[in-house]
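Structure at a glance
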Amino acid sequence: MKLLPAAPLLLLLLTTLEARPKPAALKCRTGPLDIVFVIDSSRSVRPFEFETMRRFMMDIISNLDVGPNATRVGVIQYSSQVQNIFSLKTFFTRADMERAINSIVPLAQGTMTGLAIQYAMNVAFSTQEGARPPHKGVPRIAIIVTDGRPQDRVTEVATQARNAGIEIYAVGIQRADMNSLRAMASPPLEEHVFLVESFELIQQFAKQFQDKLCGVDMCVEREHGCQHSCISTPGSFYCECNPGYRLNGDGKTCSPIDACADGRHGCQHHCVSLQGSYHCRCRPGYYLSHNKRSCTSKWLSLSLSLLVCFLFSSCLFPSAIALLVSIVIDYCSFGNHSCQHECVSIPNGHYCRCRSGFTLQPDGKSCRATDLCNGVDHGCEFKCVSTEGSYHCVCPEGQRLQADGKTCSKCGAGHVDLVMVIDGSKSVRPQNFELVKQFVNRVVDLLEVSPQGTRVGLVQYSSRVRTEFPLNKYHSADEIKKAVMDVEYMEKGTMTGLALKHMVEHSFSEQEGARPLSYNIPRIGLVFTDGRSQDDISEWARRAKESGIVMFAVGVGKAVEEELRTIASEPVEQHFSYSADFTTMTHLVENFSLNICPEEGKGETEIRSPCECEALVQFQTNTVAILQSLTEKNILWGEAGLVRGWGQSTRGVGWDG
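The name that an unreviewed UniProt entry assigns to the chain is Matrilin 4, with the source organism given as Junco hyemalis. UniProt, in the comment section headed Subcellular location (unreviewed entry), describes the chain in these words: "Secreted".

1. Things to note about the overall build of the chain
What the chain contains, in helices and strands, is 18 helices and 27 strands. Here the chain, with 657 residues, has 48% of them falling under the buried criterion. For the chain, restricting intrachain contacts to residue pairs at least 6 apart in sequence, the fraction spanning at least 24 positions comes to 65%. Summed over all atoms, the accessible surface of the chain reaches about 31300 Å², with 52% contributed by carbon and sulfur.

2. Considerations on the pattern of salt bridges
A complete count under the given rule lists 13 salt bridges for this structure. Where Arg 132 meets Asp 34, a salt bridge forms, and the shortest distance between an N and an O atom there is 2.7 Å. In this pair, Arg 132 sits in the loop between helix 4 (113-124) and strand 4 (140-146) while Asp 34 sits in strand 1 (residues 34-40), placing the two residues 98 residues apart along the sequence. With relative accessibility at 0%, the residue Asp 34 sits in the buried group.

3. Notes on the state of the cysteines
Simply put, disulfide is the name for a covalent bond between the sulfur atoms of two cysteines. All told, the structure shown has nine disulfides when counted by the stated rule. Linked covalently through their sulfurs, Cys 380 and Cys 393 form a disulfide whose S-S length is 1.9 Å. Measuring the twist about the S-S bond at about -75°, one finds the Cys 380-Cys 393 disulfide to be left-handed. Separated by 13 residues along the polypeptide, Cys 380 in the loop between helix 11 (372-375) and strand 19 (383-387) and Cys 393 in strand 20 (residues 390-394) bring together distant segments of the chain. Note on Cys 380: relative accessible area 11%, which makes it buried.

4. Details of the side chain of Ser 425
By the secondary structure assignment, Ser 425 is in the loop between strand 21 (417-423) and helix 12 (430-445). A polar contact of 2.7 Å, which involves the side chain of Ser 425, links it to the side chain of Asp 423. Polar contacts involving the side chain of Ser 425 include one to the side chain of Thr 494, which spans 3.4 Å. In contact with Ser 425, other than residues within four places in its own chain, are Tyr 461, Ser 462, Tyr 489, Glu 491, Lys 492, Gly 493, Thr 494 and Asp 530.

5. Some remarks on the pairing of strand 22 (residues 455-461)
Among the seven residues of strand 22, six are classified as buried, and the element is accordingly described as predominantly covered. For strand 21 and strand 22, the ladder comprises seven bridges, and the chain directions are parallel. Each residue of the ladder has a partner; that of Val 421, found in strand 22, is Val 459. Remark: the strand 21/helix 12/strand 22 crossover connection has right-handed handedness. Here strand 22 runs beside strand 23 (residues 465-469); their pairing, made up of four bridges, is antiparallel.

6. Section: the sheet that holds strand 23
Pairing in this open sheet of five strands is mixed, and the strands run 23-22-21-24-25 from one edge to the other. Each of the sheet's edge strands pairs with one partner strand only, and the pair in question is strand 23 and strand 25 (549-555). Direction aside, the axes of adjacent strands within the sheet are offset by 20° on average. Across the face of the sheet, helix 12 comes into contact with strand 21, strand 22 and strand 24 (523-529) while running at roughly 170° to strand 21.

Cut-off values and rules
- Residues numbered from 1 in each chain as written.
- Predicted model: local features only at pLDDT ≥ 70, side-chain atom pairs only at ≥ 80, totals over all residues.
- Heavy atoms only, no water.
- UniProt positions renumbered as here; feature names shortened; annotations may be inferred.
- Helix = DSSP H or I, 4+ residues; strand = E, 2+ residues; numbered from the N terminus.
- Buried < 20%, exposed > 50% of the residue type's maximum accessible area, 1.4 Å probe, protein only.
- Contact = heavy atoms within 4.5 Å.
- Areas by Shrake-Rupley, 256 points an atom, 1.4 Å probe, with all protein chains shown as cover.
- Salt bridge = Lys/Arg side-chain N within 4 Å of Asp/Glu carboxyl O.
- Disulfide = S-S within 2.5 Å.
- Polar contact = N/O pair within 3.5 Å; in protein donor to acceptor, adjacent residues only side chain to side chain.
- Pairing = 2+ DSSP bridges.
- Right-handed = clockwise from strand over helix to strand, strands pointing away.
- Axes fitted to C-alpha atoms, helices over the stretch in contact; angles between N-to-C directions.

Okay, here's the thing in structure tokens:
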């Protein structure tokens, strides 16, 4: 992240001060808004620069009509982790908000902007934190202020946030990465992306946001470019089309709707599309019935007429003969029908018909195979391929179609050699030890346990170390889960170093079931601890990582940060944390994949095989789902709470605790 030069920052500060409303000025009253500031407090933001951010927030708040039934404001700051300063339900006066903003202490670490957006979406804008329910229609606005390039991915999580109804303004200071700002912001980008490096740009942002707050009719004030209708919304607008038209991808122009395309027209024979409407047409030899959809055969009508003639002598006999002649003639036999597939003879003519799986074209003669992939819910995981009257699923190169004919086998199917090393010391307490066992079993539920698939081992330690079961002991998830529930709590001390030594020398040996390193099966060690180790851990933590074991540490309660850092694989900061909420973990799966996958990673990234990458990502995805499920059920670990968070690594998996 880049440092701001002093001169532009002073100019920015003067600009924001100049933009402050005069005491006598009337504040514009607005409909209610839910606004959350997402502030970058990474180490590259110097103290006097952070003061500018404080003033920036207070300048905007000074123009708001705040209150429980008016606009609500929340503030979060982020670096390598996310910190909630105050939520949407905390303060309802500007004075209280300004006091809280003035008391912020910058975190001064990394720049995990994607993590902050995820937190804003899942936590800050939740109804539990004071956001109004979606059905009330209160706009949700996030203002992200950053001075550099994110160290994690932002594109996907920002898209999720926008799809969740959050309007995002991205404000970059000086040398912020413009591509990242554009990836985060809501459309139209020219109204939601600001690079604050001059007087004009900060004024433009202030005016744009004031327009939003004061309810300006954006359709009147701006060149909207809508072909049909412009609909004004707070601070923005969108285009709508007249009935019978649909909005094109540019969001402004309109195209006629093909009312026949959706197949709901109900026409028995042919549907003819008009602008926004349609009418039905019958094949030769039929006429349209009174319901304007079904078709009646002229042959049937003629037969009935002939029957009336004979029964009631109500027509001339020669006329009846003529009718009979017209009925029995096979018009298809003349050989000039030009039907591509089948010709069907009817009184006074013929019509063409296509075989099953084909559709008659507008010329009434040629046929084209129906694209069933577009017309049915095929369920193919990768790609659907249409064939004559049918379809089939295919998988990417290197993957195999599964027995269901739809899903693809993943590389290695997520197989790992996993050893969990759990703290059984006295401080854990029996009821919390049961929660640890429950978590272990829920991880096992999502693993493909088998001798050729994922293997699981379990080690417990206190003042001594005990292998509960090695990697080659059990061959099914049910066996492992039963063994876990039978584990007895050891109590006594906390010899974490001794446990690491045991794991390296025994648990990951081929004698106890670990696959040879040449197989490229990831070796993962999960260490749970709730306090300071009573022995040295540095030597065996180093040996574990040097031997190719992906290490991550879960700290609970009074766990020591320095020890967790020593245990965790590089980069250390991304293998643990103490305060991240469970709901902020999901998007870190993609960051994890970015760091370890050779097809996506950049820079000094360790090259692992694609199979290994898939296995590690799948393992982390499953574990994150379990953690989130435990959160929803309010399962806590004593007073300290169960570990929260999950980090990513170039070597493997990490949790934020």
